[in-house]
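# Coordinate inspection notes
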Amino acid sequence: MRALIETIPRVIGLDEKVVEDLVAKRRLKLARTPDPKYGDYGVALHVVLHMVKAPRQEWDKLLSRIANEIMGSSRAKECFIYRIDYSNGYLNFYIDYRKLSRIIFKKIIDEALFDEIRSYGRGEKILVEHTSANPIHPLHIGSGRNAVIGNTFARILRRLGFSVREHFYVDDMGRQVAVMVYGYTKVKEKGIEPPPKIKPDHWIGAIYALTNIFVSIKNMHHEQEKIAGEIRTLIEHLKEEAFGKRGDGYLLAVTRIAESQLSLKHDPGAVLEMIVSALKKQEGKKPTGIRREAESLLLRYRDIRNKLAELYECAEDLRTVFPRLYDVLSQSIDEPEVFEEKVSELMKLYEEEDPRITRLFREAIDLVLRGFDSTLRRIGIVFDSYDWESDPEIKKLTREIIEASLRTRYGGSEGQAVIVDLGKAYEEDDYIRSIFGAEKPERVVLRRSDGTTLYVSRDIAYTIYKYRVTGAKKVYNVIATEQNLEQKQVRSVLYLLGYKDYADNTIHLAYEMVHLKGYRMRGRYGRYISMDELIERYRKLMLDQYMESHKKLGVEEAESILDKAEKLAVANTRYLLLSIEPLKVLTFDPGKLAEHTEGSWIQYTYARLLSILRKAYGEDIDRPDDVRREVTRDYDGIDIDAIGLTREEEEIIEKLMGYKDVLVTAYEEMKPNKVAEYAYELSSVLNLFYEKIPVIKERIENKKKFRLVLIYCAAKILGDAMYVMGIPVLPRI
RNA sequence: GGGCCCGUAGCCUAGCCAGGAUAGGGCGCCGGCCUUCUAAGCCGGAGACCCGGGGUUCGAAUCCCCGCGGGCCCGCCA
């Protein structure tokens, strides 16, 4: 690049500053060429050519002079350029990958590359909060996406030499947990204990869902009764009208039939429909008030019917799996008003730390957390800390920040309620404006009129807690995009409270939801695909794939194949949830699992590399490190100038050199999926190499050594990328 | 109503912020390759007016404006 800056102005007569400026603005930049026939890297010089109004016929002449000048300078050698081409205004460079390979191989063999990568973060303390699923049902693929993105991001940071802690925020003070505990109490009262062979989070999840379902069903029934009453009133009105100002015998007759039908076992919806269609006949196109009323009633009625149908379907699904829970809960759930009261009571008692209720909450939540932990361990995720929302420290901080907010410029109270006027702050404060952008905030309530706290206020306190307890310099919150606003509120209030530093360094790593093809995931009704189910499905798929190629499986092998299937399944699960850019909605079709096996494909590529190393150095090799000494020796013995590289080899070298940048970009852009993409591409070029280029059978010893070193280096990097993604490394498949 | 995000073949996705050569991959579909380092692989083929319309530019999937479609958020819920 420097050579260009020096050469171009001289050759085509531009000020050096102008060219330098273009480079700084990235108007002039070096990029890979679309095709090897144009060399390896190219730069488009159209901008400068147009600047000096060079006629097209002269382009080649000018470019050739630039090329010659650069080749003549010492720069070319330093950049491993052995040839420069030009065409259509592009200047194309040919790189001598043999020289490059020596450098990158050396760095990988003596581990200098990894030290270099590790030096990036300088041990700075970073806290990553992720997963933080409500402890009311098992982790589903939505919370799983959070876990995988969060954990991978943390692993990337660790690789880059940051000192990272992963925290899980146990949201135990919310209403949903109280609902779960309510149901749990009902089940417990009947003497039912968690069955030992059922995963506890799945069991609690069923309780939570059934509780919600039965309450909702009761609510819907009340609503239906209300509508039935309204239909009767409507008929009355209609009758009066038919008698009175309309004097309409037909309408009168219809109302009589309607009344009669309602007294029978007859669907009120059908009756409504009859009335609406009768009214339509009478009026033609223009609806009257009464018809509009009937129509809106009909819509409401249909809406409720659909919802009820869905609820019953969800209930039935659960009934087939948990018949006992279904029976108990279907009978013991209170009427909605009583239910609401009891749930509020539970919340209040838990916030007040009533010992009996606290024990009950902890007991139920622990069951779920135990389930979380086993799922998460399965996919290689272990938290450094579980922070409870109900932690006395956080509660105390919550009270303090509420008091402190009253003393800020925009804080105020209405009775016991405490409110921060972010709308006003937005008008007057640049910093607040910079947080919200075009989205003008409104007020945020930190304490209710009844004196209880809210999620946001506790979250603000928790954020301060994170910095204080861990000494973190930066905090990443891996949270769904639906919480965008809340995260901005948290930062704003922190700033207004004087914690500008915290506000600056609290970063929302936002990701989009996971949708299911065909239906909506509903945690509260038990409609979700859990992570455990996803992994199990993959495990079966992997087993099937094995059987397809091997046909037979001996009893003594079954155990080890199962173990492999598990690791392959974990790889596919993690890859699936990681590979899609966080800000894109992931629509998941459980029927198409077999199409998403990139994770295990990468593992396979890795196993092939090790297989080559085994053939070369000995059958007992399980990791590249086992042959480090031999590879070092081979590396020293290569006569690099005697080798002509194949395109495949060049591509691999190119990729290996890009590893560090990928990690850094993934960190800076908060796109851990970049690592997945990289591992996939590296695997892809490695598979091409594997198919086309012999290693063990290579006759020329020099070439063979070179390729073995290449394989070793590729295995090191691919293995490292896999580790970063939490994909288990299998030496043999 | 306001705001944020997304829109690339039948489906999924890279490239977009920092504009450059024929828009990369994958799944699925069609056709090939197992006496040669693991065929969970590879090769070939068909399949894209880069949501639409304007603009800026020598050059636009990429930048700007106006639309359209989808998701999410706007609670004294969490």
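The text that follows walks through the structure, step by step, so that each part is easy to find.

Conventions used here
- Residues numbered from 1 in each chain as written.
- Chains lettered and ligands numbered in written order.
- Predicted model: local features only at pLDDT ≥ 70, side-chain atom pairs only at ≥ 80, totals over all residues.
- Heavy atoms only, no water.
- Salt bridge = Lys/Arg side-chain N within 4 Å of Asp/Glu carboxyl O.
- Helix = DSSP H or I, 4+ residues; strand = E, 2+ residues; numbered from the N terminus.
- Buried < 20%, exposed > 50% of the residue type's maximum accessible area, 1.4 Å probe, protein only.
- Core = buried A, V, L, I, M, F, W, Y, C linked by side-chain atoms within 4.5 Å.
- Contact = heavy atoms within 4.5 Å.
- Axes fitted to C-alpha atoms, helices over the stretch in contact; angles between N-to-C directions.
- Parallel < 35°, antiparallel > 145°, perpendicular 65-115°, else oblique.
- Left-handed = near helix turned anticlockwise from the far one by under 90°.
- Nonpolar A, V, L, I, M, F, W, Y, C, P; charged D, E, K, R; others polar.
- Near = heavy atom within 4 Å.
- Polar contact = N/O pair within 3.5 Å; in protein donor to acceptor, adjacent residues only side chain to side chain.
- Expected span 1.5 Å × (residues − 1).
- Pairing = 2+ DSSP bridges.
- Arc of directions from axis to C-beta.
- Phe/Tyr/Trp six-rings, centres within 6.5 Å; stacked < 30°, edge-to-face > 60°.
- Lys, Arg positive; Asp, Glu negative; His and termini not counted.

The next subject is the pattern of salt bridges. Across all of its chains, the model carries 61 salt bridges by this definition. Close ionic contact of Glu 363 with Lys 188 constitutes a salt bridge, the shortest N to O distance being 2.6 Å. You can see Glu 363 sitting in helix α16 (residues 355–378) and its partner Lys 188 sitting in helix α9 (residues 175–189), a full 175 residues away along the chain. We classify Glu 363 as partly exposed; its relative accessible area is 31%. Two residues, Arg 539 and Glu 536, come together in a salt bridge whose shortest N-O distance is 3.1 Å. Of this pair, Arg 539 and Glu 536 both sit in helix α23 (residues 531–550), three residues apart, which is roughly one turn of that helix.

Glancing now at the nonpolar core. In this structure, Leu 45, Leu 91, Phe 105, Trp 203, Phe 588 and Leu 656 are the most contacted members of the largest nonpolar core, which totals 207 residues. For this core, the leading source of residues is helix α10 (residues 200–243), giving 18 residues. Contacts of Phe 105, omitting those with residues within four sequence positions, involve Tyr 635, Ile 653, Leu 656, Phe 706, Val 709, Leu 710 and Cys 713. Grouped together as the second largest cluster of nonpolar side chains are 35 residues, Tyr 410, Leu 446, Ala 472 and Tyr 495 included.

One way to put it is that helix α27 (residues 647–657) packs onto helix α29 (residues 673–692) with a least axis distance of 9 Å and a crossing angle of 155 degrees. Judged by the angle between their axes, α27 and α29 are roughly antiparallel. In the crossing of α27 with α29, the sense of the turn from one axis to the other is left-handed. Of α29, the residues touching α27 (which contributes Glu 648, Glu 649, Glu 651, Ile 652, Lys 655 and Leu 656) are Tyr 678, Glu 681, Leu 682, Val 685, Leu 686, Leu 688, Phe 689 and Lys 692. The residue inventory of the contact of α27 with α29, partitioned by class, reads eight nonpolar, no polar and six charged.

Once that is clear, we can look at the protein's contact with RNA strand B. In the vicinity of RNA strand B, 71 residues are found, and the nearest of them are Tyr 90, Glu 595, Tyr 604, Ser 611 and Lys 697. Across the atoms of RNA strand B situated within 4 Å of the protein, the share located in sugar and phosphate is 61%. One nitrogen or oxygen atom from the side chain of Asn 92 is found 2.7 Å from a base nitrogen belonging to RNA strand B. At 2.4 Å from a sugar or linking oxygen of RNA strand B is found a side-chain nitrogen or oxygen belonging to Lys 697.

Under the 1.5 Å per step criterion, the end-to-end length of helix α8 (residues 141–159) is 26 Å for 19 residues, consistent within 8% with the ideal 27 Å. Just downstream of α8, Gly 161 is the residue with a positive phi angle, here 85 degrees.

Strand-to-strand pairing in sheets goes through backbone hydrogen bonds, with the strands running parallel or antiparallel. Taken in spatial order, the three strands of this open sheet run β8-β9-β10, and their pairing is antiparallel. The open sheet has two edge strands, β8 (411–414) and β10 (443–447), and neither has a second partner. Averaged over all pairs of adjacent strands, the angle between their axes in this sheet comes to 35 degrees, without regard to strand direction. The sheet contact formed by β8 and strand β9 (residues 417–421) spans four bridges and is antiparallel. Bridging from a neighbouring strand, Gly 411 pairs with Val 420 of β9.

Quick look at unusual backbone geometry now. Despite not being glycine, Ser 132 has its phi angle at roughly 40 degrees, a positive value. Take Ser 132: it is sitting in the loop between β5 (125–129) and α8. For Met 670, which is not glycine, the phi torsion reads 55 degrees and is therefore positive. Within the element layout of this structure, Met 670 appears in the loop between α28 (659–668) and α29. In this structure Met 670 comes out as partly exposed when scored by relative accessible area, which is 23%.

Moving on, we come to the side chain of Asn 212. By the element assignment, Asn 212 lies in helix α10. Overall, Asn 212 belongs to the buried group, its relative accessible area being 6%. Apart from residues no more than four positions distant in its own chain, Asn 212 is found in contact with Val 179, Arg 524 and Tyr 525.

Strand order in the open sheet formed by four strands is β1-β2-β4-β3, with antiparallel pairing between adjacent strands. Looking along the sheet, the strands with just one partner apiece sit at the ends: β1 (30–32) and β3 (81–87). Geometrically, the sheet is characterised by an average inter-axis angle of 30 degrees between neighbouring strands, direction not taken into account. In this sheet, strand β4 (residues 90–95) lies alongside strand β2 (residues 41–44) in antiparallel orientation, the contact comprising four bridges. By the bridge assignment, Gly 42 is partnered in β4 with Asn 92. Running over the sheet, helix α4 (residues 56–72) touches β3 and β4 and is turned about 170 degrees from β3.

Moving on, we come to helix α6 (residues 97–109). When the terminal C-alpha atoms of α6 are compared, their 17 Å separation across 13 residues agrees well with the 18 Å that a helix rising 1.5 Å per residue should span. Along α6, the residues that are buried comprise Tyr 97, Leu 100, Ser 101, Ile 104, Phe 105, Ile 108 and Ile 109. Each buried residue of α6 sits inside an arc of 150 degrees when the element is viewed along its axis, so together they form one side. Where α6 starts, the residue carrying a side-chain oxygen 3.1 Å from the main-chain nitrogen of Arg 98 turns out to be Asp 96.

Okay, the environment of Arg 122 next. Checked against the element boundaries, Arg 122 lands in the loop between α7 (112–118) and β5. You can call Arg 122 exposed: its relative accessible area is 76%. Along the chain, Arg 122 and Gly 161 lie 39 residues apart, while their C-alpha atoms are 5.8 Å from each other.

We now examine the packing of aromatic side chains. What characterises a pair of aromatic rings is the spacing of the ring centres plus the angle enclosed by the ring planes. For the coordinates displayed, the defined rule picks out 23 aromatic pairs. Between Phe 153 and Tyr 667, the ring centres sit 6.4 Å apart and the planes meet at 25 degrees, which makes this aromatic pair stacked. Residue Phe 153 is found in helix α8, and its partner Tyr 667 is found in helix α28; the two are separated by 514 residues along the sequence. By the burial criterion, Phe 153 is buried, and Tyr 667 matches it. Ring centres 4.0 Å apart and planes at 5 degrees place the aromatic pair Tyr 350 and Phe 361 in the stacked group. Linking Tyr 350 in helix α15 (residues 336–351) with Phe 361 in helix α16, this pair joins segments that are 11 residues apart in sequence. Tyr 350 gets classed as buried once you look at its relative accessible area, which sits at 3%.

To continue, consider the side chain of Arg 145. Within the secondary structure, Arg 145 is located in helix α8. Despite its burial, Arg 145 pairs with no opposite charge; the closest candidate is Glu 512, at 6.3 Å N-O. There is a polar contact of 2.9 Å between the side chain of Arg 145 and the backbone oxygen of Glu 512.

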